[in-house]
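Observations on the three-dimensional arrangement
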Amino acid sequence: MKKISAIRNIPYLTIILLTLICILLLSSKNMIMSQASYPEATIVSSAYAVVEGSDSDKEEITFPHTFKHLSPRTHVTVTTHINLNKDDPIYIKTVYSPAKVYLDDDLIYEFGRAENYPSYMKDPATEGYLIGTDGHSGDTELRIEYLSPVTRSSLTVYSPIYGAYKSLFFTLLKLNKWSFFIALLELAAGVLFIFISLMLLYYDKEVCKMIFHFGFFSLMAGMWSIGECNYTGVIVKTLHCCICVLL
């Protein structure tokens, strides 16, 4: 009886352990972020926009900004000036909209090309990318030409961020810290609960099923959360580019 009672207490002990791990993880994260010494990346706060078919020639906007009541594939041009150091990349995020990125009238990247997403999708997915600046430096005009989505009547544009690679990664981590660390915690909890459920398989199948279902749900939620995190997307794409270069 004591053995069964101890087994039934495992879920509660596990929850306590996970709570302690969570506290330690968040404390470590805050300590690392507070002690990290790095130059801040620059987050562009405002720009000028021109909307095709609009009565006004140019309007000043503050990021993030949503243009409403747009016809499908309306051209929206956003222009600003940035002060680049040589080889500084730029992080740009698009949401369901094709876009072309120019520096001083030179096309440096194109989002949402038709060959890059399935034909059954009317709009490209959300995309965030670190774009090389091809040797541009100093005061540079950044122009982004968006095409509004087909599946919705609004277009949201987000702040471009630029700086050294190290600065960009730390800044993006700072902006996405909660979603990223919570996703990691969900993954860790899922793996831990599934492992515990397998340990209990030959002792108490009912408790085993309960813990396994909870762990599987946590694992799936963590996978979805980390897949939706902008910071994860940047890491994956950067690693992919590094692997392609090495190969």
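Please refer to the structure placed before this passage.
Everything in this summary refers to the structure shown in the same document. The model shown is predicted, which means the values in this text are computed figures rather than measured ones. (Residues numbered from 1 in each chain as written. Predicted model: local features only at pLDDT ≥ 70, side-chain atom pairs only at ≥ 80, totals over all residues. Heavy atoms only, no water.)

**Some words on the overall build of the protein chain**
This is how it is decided: Numbering of helices and strands runs from the N terminus; a helix is a DSSP stretch of H or I covering at least four residues, while a strand is a stretch of E covering at least two. Relative accessibility under 20% of the residue-type maximum defines a buried residue, over 50% an exposed one, and the middle range a partly exposed one, all with a 1.4 Å probe and only protein chains included. Should any heavy atoms of two residues lie within 4.5 Å, those residues are counted as being in contact. Exposure was quantified through the Shrake-Rupley algorithm and a 1.4 Å probe, taking into account, for residues, occlusion by the shown protein chains and nothing else.
Summing up its helical and strand segments, the protein chain has six helices and twelve strands in all. Here the protein chain holds 247 residues, and 38% of them are scored as buried. Within the protein chain, residue pairs in contact and separated by at least 24 positions form 75% of the contacts whose partners lie at least 6 positions apart. Of the roughly 14,800 Å² of accessible surface on the protein chain, 61% is carried by carbon and sulfur atoms.

**Remarks on the packing of helix H4 (residues 177-199) against helix H5 (residues 205-228)**
Selection rule: The angle between two axes is taken between their N-to-C directions and runs from 0 to 180 degrees, where each axis is a line fitted to C-alpha atoms and a helix contributes only its stretch in contact. For this classification, under 35 degrees means roughly parallel, over 145 means roughly antiparallel, 65 to 115 means roughly perpendicular, and everything else is oblique. Helix crossings get a hand from a simple test, with the near helix turned counterclockwise from the far one by less than a right angle marking a left-handed crossing and a clockwise turn marking a right-handed one. Classes in brief: Ala, Val, Leu, Ile, Met, Phe, Trp, Tyr, Cys and Pro nonpolar; Asp, Glu, Lys and Arg charged; the others, Gly included, polar.
Two elements in contact, H4 and H5, have axes separated by 7 Å at closest approach and are oriented at 155°. One finds that H4 runs roughly antiparallel with respect to H5. Regarding H4 and H5, the two cross each other, and that crossing is left-handed. A class-by-class count of the residues in the contact of H4 with H5 yields 17 nonpolar, six polar and one charged.

**Focus: the nonpolar core**
Most often, soluble globular proteins keep nonpolar side chains buried together rather than apart. Formally: Remark: nonpolar core denotes a set of buried residues (Ala, Val, Leu, Ile, Met, Phe, Trp, Tyr, Cys) joined through side-chain atoms within 4.5 Å.
By size, the foremost hydrophobic cluster in this structure holds 27 residues, and its most contacted members are Phe67 and Val101. Within the residue set of this core, elements represented by two or more residues are strand S2 (46-51), strand S5 (75-84), strand S6 (90-94), strand S7 (99-103), strand S8 (106-111), strand S10 (138-147) and strand S11 (155-157). No other element matches S5, which puts four residues into this core. If we skip the residues at most four places from it in the chain, Val101 touches Ile92, Asp106, Leu107, Ile108, Tyr109, Phe111, Ile131, Leu142, Arg143 and Ile144.

**Looking at the sheet that holds strand S9 (residues 127-131)**
The test is simple: Two strands form a pair only when DSSP identifies at least two bridges running between them.
Here four strands make up an open sheet; going across it, the order is S1-S12-S6-S9 and the pairing antiparallel. With partners counted over all chains shown, the strands left at the sheet margins are strand S1 (42-43) and S9, one partner each. The sheet contact formed by S6 and S9 spans five bridges and is antiparallel. Considered in S9, the bridge of Tyr91 is made with Leu130.

**Description of the pairing of S8**
Relative to S8, S7 is paired through five bridges, and the arrangement is antiparallel. Directly across from Leu103, in S8, lies its bridge partner Asp106. Taking the residues between adjacent antiparallel strands as the criterion, S7 and S8 are bridged by two residues, where Asp104 takes a positive phi near 50°.

**Focus on the environment of Leu130**
Summarising the element assignment, Leu130 is placed in strand S9. For Leu130, a relative accessible area of 12% corresponds to the buried category. Placed 42 residues apart in sequence, Leu130 and Asp88 show a C-alpha to C-alpha distance of 9.7 Å.

What is shown is where atoms sit, not what they do.
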